[in-house]
Amino acid sequence: QKEVEQNSGPLSVPEGAIASLNCTYSDRGSQSFFWYRQYSGKSPELIMSIYSNGDKEDGRFTAQLNKASQYVSLLIRDSQPSDSATYLCAVTGTGNQFYFGTGTSLTVIP
Amino acid sequence: EAQVTQNPRYLITVTGKKLTVTCSQNMNHEYMSWYRQDPGLGLRQIYYSMNVEVTDKGDVPEGYKVSRKEKRNFPLILESPSPNQTSLYFCASSLQGNEQFFGPGTRLTVL
């Protein structure tokens, strides 16, 4: 059973602060890593993908991957109330199967 | 507009009555997948398809069937639904099994 673990939260940060979301995975063979955002009652929306060790930045979002530690994180800079959502970490296993964490609920307080 | 569509969006049915949830994408994506989302359990993959006529089991395939006769369509079939299949279902597609785009979801209740 492949596992993807996330802190369920809720994580609360003030507006303008940095939100840090973490994810660990159990399958050392995982090659692709994704962060999705899901607003209440809506479908998941892709925010970031990362495939190699290190940092990947896109606007206010930075994904960090450390395959040796089996750890992937998402940093949200200058957090806005509109960032309040559940953030899902996803990794691929062998055979193009996807595994999702249960999500971290983020609230950005104005 | 590039999108993944699912129908119906809401469905209430009774135990044992066969049903099909349709999924269609207009992005010429190779990869399509079905997930169910349950509180506390997150998104779990039911089935996925890398291409036409190629389907594979995900984590929770029991009680479900799929087919991929055309690239754009990937229907989910519940031959004999049971109450434990009450859930929120998402269809997703991606170019080659990487960044996935999700449909709007189908909320299924089995009485």
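Residues numbered from 1 in each chain as written. Chains lettered and ligands numbered in written order. Predicted model: local features only at pLDDT ≥ 70, side-chain atom pairs only at ≥ 80, totals over all residues. Heavy atoms only, no water.

Caption draft 1: Spotlight on the overall build of chain A. Summing up its helical and strand segments, chain A has zero helices and eleven strands in all. Helices (α) and strands (β) of chain A occur, in sequence order from the N terminus, as β-β-β-β-β-β-β-β-β-β-β. Computed over its C-alpha atoms, the radius of gyration of chain A comes to 13 Å, within 12% of the 13 Å expected for a compact globule of 110 residues. Within chain A, the fraction of its 110 residues that count as buried is 45%. A separation threshold of at least 6 residues defines the contact pool for chain A, and within that pool the share at least 24 residues apart is 53%. Accessible surface for chain A amounts to roughly 5,100 Å². Of this, 46% is attributable to carbon and sulfur atoms. Seen as two clouds, the 8 positive and the 10 negative side-chain charges of chain A have centres 5 Å apart. (Helix = DSSP H or I, 4+ residues; strand = E, 2+ residues; numbered from the N terminus. Rg over C-alpha atoms; globule rule 2.2 N^0.38 Å. Buried < 20%, exposed > 50% of the residue type's maximum accessible area, 1.4 Å probe, protein only. Contact = heavy atoms within 4.5 Å. Areas by Shrake-Rupley, 256 points an atom, 1.4 Å probe, with all protein chains shown as cover. Lys, Arg positive; Asp, Glu negative; His and termini not counted. Charge placed at Lys NZ, Arg CZ, Asp CG, Glu CD.)

Caption draft 2: Structural context of the interface of chain A and chain B. Counting residues at the interface gives 20 residues for chain A, matched by 22 residues for chain B. Of the roughly 1,600 Å² buried at the junction of chain A and chain B (both faces included), carbon and sulfur atoms supply 50%. Our count for the contact surface shared by chain A and chain B stands at zero salt bridges. Linking chain A to chain B there are seven residue pairs in polar contact (both at pLDDT 80 or more). Of all the secondary-structure elements, those providing two or more residues to the side of chain A that touches chain B are β4 (33–38), β5 (45–50), β9 (85–92) and β10 (98–100) of chain A. (Buried area = accessible area lost by both parts, 1.4 Å probe. Salt bridge = Lys/Arg side-chain N within 4 Å of Asp/Glu carboxyl O. Polar contact = N/O pair within 3.5 Å; in protein donor to acceptor, adjacent residues only side chain to side chain.)

Caption draft 3: Region of the structure containing the state of the cysteines. Residue and element names in this part refer to chain A. If you walk through the whole model with that rule in mind, you get two disulfides over all chains. Paired through a disulfide, Cys-23 and Cys-89 show a sulfur-sulfur distance of 2.1 Å. Between Cys-23 and Cys-89 the disulfide shows an S-S torsion of about -70°. By sign, it is left-handed. Of the two residues, Cys-23 is situated in strand β3 (residues 19–25) and Cys-89 in strand β9; the sequence distance between them amounts to 66 residues. Look at Cys-23 and you get buried, because its relative accessible area is 1%. (Disulfide = S-S within 2.5 Å.)

Caption draft 4: Broad picture of the side chain of Asp-83 of chain A. With respect to the helices, strands and loops of the structure, Asp-83 of chain A is situated in the loop between β8 (71–76) and β9. Apart from the residues within four sequence positions on either side, Asp-83 of chain A is in contact with Arg-37, Arg-60, Phe-61, Ile-76, Asp-78, Leu-106 and Val-108 of chain A.

Caption draft 5: Main features of the layout of surface pockets. Reported here for the largest pocket is a volume of approximately 350 Å³. Along its surface, the largest pocket is lined by 19 residues, and Gln-38 of chain A together with Gln-37, Asp-38, Pro-39 and Leu-88 of chain B are the ones closest to its centre. A breakdown of the residues in the lining of the largest pocket according to their chemical character gives five nonpolar, eleven polar and three charged. (1 Å grid on protein atoms, 1.4 Å probe; cavity = no way out; pocket = protein on both sides within 12 Å on 5 of 7 lines; lining within 4 Å. Points joined across faces, edges and corners; volume = space filled by probe spheres on them. Nonpolar A, V, L, I, M, F, W, Y, C, P; charged D, E, K, R; others polar.)

Caption draft 6: Looking closely at the side chain of Gln-97 of chain A. Its place among the elements puts Gln-97 of chain A in the loop between β9 and β10. Separated by 3.3 Å, the side chains of Gln-97 of chain A and Tyr-99 of chain A make a polar contact. Excluding residues within four positions of it along the chain, Gln-97 of chain A makes contact with Val-91 and Thr-92 of chain A together with Tyr-31, Gln-45, Tyr-48, Lys-57, Gly-58 and Asp-59 of chain B.

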